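Architecture and fold: a report
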Amino acid sequence: KEHPQRVRDPAQANAFFLPIMEYTSWKVHTCNGQTHEERFQLAHDVLKRSKYFKRFGGNDHFWVSSKSHAFGPDLVGTQYANLTAAVSIRFRMQPLSKILRKTVVGRMKPFGRRHPKSPSSSVGKCTFDVGHQPNQESLSVWKPGLKRDIFLYFAGSFDVCCTGKFIRCRMGEILAGTDGDKDVRLVPSRGGRGSGRMCTETAMNKVAVKRS
């Protein structure tokens, strides 16, 4: 789309966006006769030759990926299906990741000083926050003044690490108090890999006591 800050001449640009869909490419793997590895080798070669990339070593280039380490269900259908360890974003993007160390990366959660991440997860020198896009199905049916049957809806884990841990656990506390309410729907799932399930188990125990 046209934007006052967007230019067509790269010589006039102060920042460059790299359209890297690394996780999608990795999961799809082969598309139009080209493998994921071939695509990222080509991207590596093209970017390495770019005079605009070489100008500041990639410092003025940014890209986005909401996926960090891939494990468990993420590996189904890939050559790593039987792997018990996680596949890092840096590994998935080889050899391109080797030259992205000075780039800026948009992630689902920015990595600040309180929760520093290794290069295997961040790849670039720093990160910025890129949230999930709104639910397109919900947007398509929404109208001004439309009556809402559900006041609060949440589906996901109550037990997560780092950013969001406090508010997720509080959702577990709300679960028991709203159990049976028609306008509140909370659907807890299993905890993330490596994290406990204290908040989920506490909430479910309270629900069980309330129903008994």
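Residues numbered from 1 in each chain as written. Predicted model: local features only at pLDDT ≥ 70, side-chain atom pairs only at ≥ 80, totals over all residues. Heavy atoms only, no water.

Some points on a positive patch on the surface
- Taken together, the side chains of Arg 90, Arg 101, Lys 102 and Lys 125 make up a positively charged region of the molecular surface.
- By the secondary structure assignment, Lys 102 is in the loop between α4 (89-92) and β3 (104-107).
- We classify Lys 102 as partly exposed; its relative accessible area is 48%. (Patch = residues over 30% accessible without salt bridge, like charges linked within 9 Å, V, L, I, M, F, W, Y side chains within 5 Å. Areas by Shrake-Rupley, 256 points an atom, 1.4 Å probe, with all protein chains shown as cover. Salt bridge = Lys/Arg side-chain N within 4 Å of Asp/Glu carboxyl O. Lys, Arg positive; Asp, Glu negative; His and termini not counted. Charge placed at Lys NZ, Arg CZ, Asp CG, Glu CD. Helix = DSSP H or I, 4+ residues; strand = E, 2+ residues; numbered from the N terminus. Buried < 20%, exposed > 50% of the residue type's maximum accessible area, 1.4 Å probe, protein only.)

Description of the sheet that holds strand β2 (residues 61-64)
- In space, the four strands of this open sheet follow the order β1-β2-β3-β4, with parallel pairing throughout. Every other strand in the sheet has two partners, leaving β1 (16-17) and β4 (126-129) as the edge strands with one partner each.
- Across three bridges, β2 lies against β3 in parallel orientation. Bridge assignment links Trp 63 to a residue of β3, and that residue is Val 105. (Pairing = 2+ DSSP bridges.)

Quick look at the nonpolar core
- Leu 18, Ile 20, Leu 47, Trp 63, Met 93, Leu 96 and Leu 100 are the most contacted members of the largest nonpolar core, which totals 13 residues.
- Discounting residues that sit within four places of it in the chain, Ile 20 has contacts with Phe 40, Trp 63, Val 64, Met 93, Leu 96 and Leu 100.
- Membership of the second largest hydrophobic core comes to 10 residues, among which are Phe 158, Ala 176, Val 184 and Cys 199. (Core = buried A, V, L, I, M, F, W, Y, C linked by side-chain atoms within 4.5 Å. Contact = heavy atoms within 4.5 Å.)

Details of the side chain of Ser 65
- Counting through the fold element by element, Ser 65 comes out in the loop between β2 and α4.
- Look past the residues within four positions of Ser 65 in its chain and what remains in contact with it is Glu 22, Ile 89, Gly 106, Arg 107 and Met 108.

Notes on the side chain of Ser 88
- Its location among the elements puts Ser 88 in the loop between β2 and α4.
- Polar side-chain contacts of Ser 88 include one of 3.1 Å to the backbone nitrogen of Phe 91. (Polar contact = N/O pair within 3.5 Å; in protein donor to acceptor, adjacent residues only side chain to side chain.)

A look at the confidence of the model for the protein chain
- Model confidence for the protein chain is summarised by a mean pLDDT of 83, while 87% of its residues fall at 70 or above.
- Considering each helix and strand of the protein chain separately, the mean pLDDT is smallest for helix α5 (residues 119-122), with a value of 63, and largest for helix α2 (residues 36-49), with 96. (pLDDT = per-residue confidence, 0-100.)

Considerations on the packing of aromatic side chains
- One pass over the structure, following the stated rule, counts seven aromatic pairs.
- When the ring of Trp 26 is compared with that of Tyr 80, the centres are 6.2 Å apart and the planes differ by 15 degrees; the resulting orientation is stacked. Residue Trp 26 is found in helix α1 (residues 22-28), and its partner Tyr 80 is found in the loop between β2 and α4; the two are separated by 54 residues along the sequence.
- Here a set of aromatic residues connected by ring pairs shows up, and it is made of Tyr 23, Trp 26, Tyr 80 and Phe 91.
- Sitting over the ring of Trp 26, Arg 92 keeps its end group 5.7 Å from the ring centre. (Phe/Tyr/Trp six-rings, centres within 6.5 Å; stacked < 30°, edge-to-face > 60°. Lys NZ or Arg CZ within 6 Å of the ring centre and 35° of its normal.)

Remarks on the state of the cysteines
- Enumeration over the complete set of coordinates arrives at one disulfide.
- For Cys 169, the disulfide goes to Cys 199, at an S-S distance of 1.8 Å. Residues Cys 169 and Cys 199 are joined through a disulfide that is left-handed, its torsion about the S-S bond being -90 degrees. You can see Cys 169 sitting in helix α7 (residues 165-178) and its partner Cys 199 sitting in helix α8 (residues 198-211), a full 30 residues away along the chain.
- Given the relative accessible area of 24%, Cys 169 is considered partly exposed. (Disulfide = S-S within 2.5 Å.)

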